[in-house]
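Observations on the model geometry
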Amino acid sequence: MLPCANPSPFFSWQFSAVPKLPSQPPKTKIVAVLNGKGGVGKTTTAVNLAAVYAESSQVLLIDTDPQGSATWWTQRKTNSLKFQVQSGTNVQKIKDLRTANQQNLIVVDTPPGLESEILQAVIPVVDYLVLPTPPAPMEIAVLIETVRTLVKPSGIAHRVLLTRVDPRSLREALDAQNTLMELGIPAFHAFVRSYKAHERSALEGQPITQWKGKYSKEAKADYCRVVDEIKRDWES
Ligand SMILES: Nc1ncnc2c1ncn2[C@@H]1O[C@H](COP(=O)(O)OP(=O)(O)OP(=O)(O)O)[C@@H](O)[C@H]1O
Ligand SMILES: [Mg+2]
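Rules used in this analysis
- Position numbers for residues start from 1 in each chain and track the written sequence from start to end.
- Numbering of ligands from 1 and lettering of chains from A proceed in the order in which they are written.
- Reporting in this predicted model follows two pLDDT cut-offs: at least 70 for local features of residues, and 80 or more for side-chain atom pairs to be given and counted; totals over whole chains, interfaces and linings ignore these cut-offs and use all residues.
- Here, a strand pair is defined by DSSP locating no fewer than two bridges between the strands.
- By the criteria applied, helices consist of DSSP H or I runs no shorter than four residues and strands consist of E runs no shorter than two, each listed in order from the N terminus.
- Note on definitions: angles span 0 to 180 degrees between N-to-C directions of axes, and those axes are lines fitted to C-alpha atoms, for helices only across the stretch in contact.
- What a helix should span is 1.5 Å times the count of its residues minus one.
- Residues with at least 20 other C-beta atoms within 10 Å of their own are called buried, those with 12 or fewer are called exposed, and the rest are partly exposed. The C-beta atoms themselves are positioned from the backbone.
- We define a nonpolar core as a collection of buried residues of the types Ala, Val, Leu, Ile, Met, Phe, Trp, Tyr and Cys that are connected via C-beta atoms lying within 7 Å of each other.
- Two residues qualify as being in contact provided that their C-beta atoms, derived from the backbone, are within 7 Å of each other.
- Nearness here has a simple definition: the residue's C-beta atom, placed using the backbone, must lie within 6 Å of the molecule or strand.
- For this classification, the nonpolar set comprises Ala, Val, Leu, Ile, Met, Phe, Trp, Tyr, Cys and Pro, the charged set comprises Asp, Glu, Lys and Arg, and every other residue, Gly included, is treated as polar.
- Bend at a given residue is defined as the angle between two axes, one fitted to the seven residues that end at that position and one fitted to the seven that begin there.
- Reported orientations rely on four angle classes, namely roughly parallel under 35 degrees, roughly antiparallel over 145, roughly perpendicular from 65 to 115, and oblique for the rest.

Quick word on the sheet that holds strand 4 (residues 105–109)
Hydrogen bonds between backbone groups are what pair the strands of a sheet, and the pairing can be parallel or antiparallel. Here we have six strands laid out as an open sheet, ordered 3-2-4-1-5-6, and parallel in their pairing. The strands lining the two open edges of the sheet, one partner per strand, are strand 3 (84–87) and strand 6 (157–162). Between one strand and the next, the sheet's axes are offset by a mean angle of 20°, whatever the strand orientation. In the sheet, strand 1 (residues 29–33) pairs with strand 4 via five bridges, with the strands oriented parallel. In the strand pairing of strand 4, Ala32 is matched with Val108.

Side note on helix 2 (residues 42–53)
When the terminal C-alpha atoms of helix 2 are compared, their 16 Å separation across twelve residues agrees well with the 16 Å that a helix rising 1.5 Å per residue should span. Counted residue by residue, helix 2 has twelve buried out of twelve residues, so it is predominantly covered. Within helix 2, burial applies to Lys42, Thr43, Thr44, Thr45, Ala46, Val47, Asn48, Leu49, Ala50, Ala51, Val52 and Tyr53.

Points about the nonpolar core
By size, the foremost hydrophobic cluster in this structure holds 64 residues, and its most contacted members are Val31, Leu49, Ala50, Leu61, Val107 and Val108. With sequence-adjacent residues up to four places away left out, Val108 is seen in contact with Ile30, Val31, Ala32, Val33, Ile62, Thr64, Val122 and Val126.

As for the site of ligand 1
In the vicinity of ligand 1, 19 residues are found, and the nearest of them are Gly38, Lys42, Thr43, Thr44 and Pro112. Grouping the amino acids of the shell around ligand 1 by side-chain chemistry returns five nonpolar, ten polar and four charged.

Looking at the pairing of strand 4
Along a regular strand, successive side chains alternate from one face of the sheet to the other. Within strand 4, five of the five residues are buried, leaving the element largely enclosed by the surrounding structure. Both strand 2 (residues 59–63) and strand 4 contribute to a ladder of five bridges, which runs parallel. Among the inter-strand pairings, Asp63 is bridged to a residue of strand 4, identified as Asp109.

Here we look at the environment of Arg193
Residue placement: Arg193 occurs in the loop between helix 8 (171–182) and helix 9 (196–203). For Arg193, a count of 21 C-beta atoms within 10 Å puts it in the buried group. The spacing of Arg193 and Pro167 is 26 residues in sequence and 5.6 Å in space, taken between C-alpha atoms. Beyond its immediate sequence surroundings of up to four residues, Arg193 is in contact with Val165, Pro167, Glu218 and Asp222.

Focus: helix 7 (residues 137–154)
Over its 18 residues, helix 7 runs 25 Å from end to end, which matches the ideal 26 Å to within 8%, given 1.5 Å per residue. At Val147, helix 7 shows its largest bend, some 45°. Turning to helix 7, its buried residues are Glu139, Ile140 and Leu143. On its buried face, helix 7 sits against strand 5 (128–133), strand 6 and helix 8. Gly155 occupies a position one or two residues after helix 7 and carries a positive phi of about 75°.

Points about the packing of helix 2 against helix 10 (residues 216–235)
Helix 10 packs onto helix 2 with a crossing angle of 75° between their chain directions and a minimal axis gap of 9 Å. When the axes of helix 2 and helix 10 are compared, the pair comes out roughly perpendicular. Across the interface between the two elements, Asn48, Leu49, Val52 and Tyr53 of helix 2 pack against Tyr223, Cys224, Val226 and Val227 of helix 10. Partitioned by chemical class, the residues of the contact of helix 2 with helix 10 number seven nonpolar, one polar and no charged.

A word on the environment of Leu183
Topologically, Leu183 is positioned in the loop between helix 8 and helix 9. The class of Leu183 is exposed, set by 12 C-beta atoms lying within 10 Å. Residues Leu183 and Ile144, spaced 39 residues apart in sequence, show a C-alpha to C-alpha distance of 8.7 Å.

Printed below as a string of structure tokens:
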């Protein structure tokens, strides 16, 4: 059975054996997917994290990238989506994200480049940063610099997510995880392996949770493991 076939509770008060009435509505959690480099898997990660979370929570995906890739991906088959999607390139609207929305979780896809006004607006409102990167040493080196200069000073919880990992050769990913660990940079234990399924599901306008095709189960399972780790971080 897939790790997220039996979703663990996102907010423990909602699912605990002896339910307690919350005195306040649950706080919206905001996760942003960030890496200054282009083409590293930000949008793929944002859409699929939103889709996996949406199996057990109310989710809003905000596309802050003016390229609009997440919007393009998800707006062609809207009726089958289990989460809402909004384009969100307006800086003031980004600043108001938390107060203007009621969902349990907001996932923010961000544009490449670290200097944008959009990113400057996103960082202060988020609770957690997912930093996707392929495991190649040059990509890791750039991300390490970003973590040092931008992410650590922000004080926001974060983990590096190794993406586009060759399933036939996990060595590079393991080396990358070791390098990050030695530098004290948190990384997900889960990897996102490289499968054509990710490209094809995007082309067909479906998140990996709904796409049916070769290696779709493996590709979905990778994102389920990532979501499980984020939930554990929030529960601890
Ligand atoms: N795990 C994966 N396996 C195979 N292909 C992948 C995987 N993740 C992403 N891709 C592909 O890599 C390309 C870039 O991915 P994506 O658009 O998610 O990156 P991005 O960081 O959002 O790019 P940009 O910076 O341009 O917004 C896409 O064609 C996508 O389908
Ligand atoms: Mg993108």
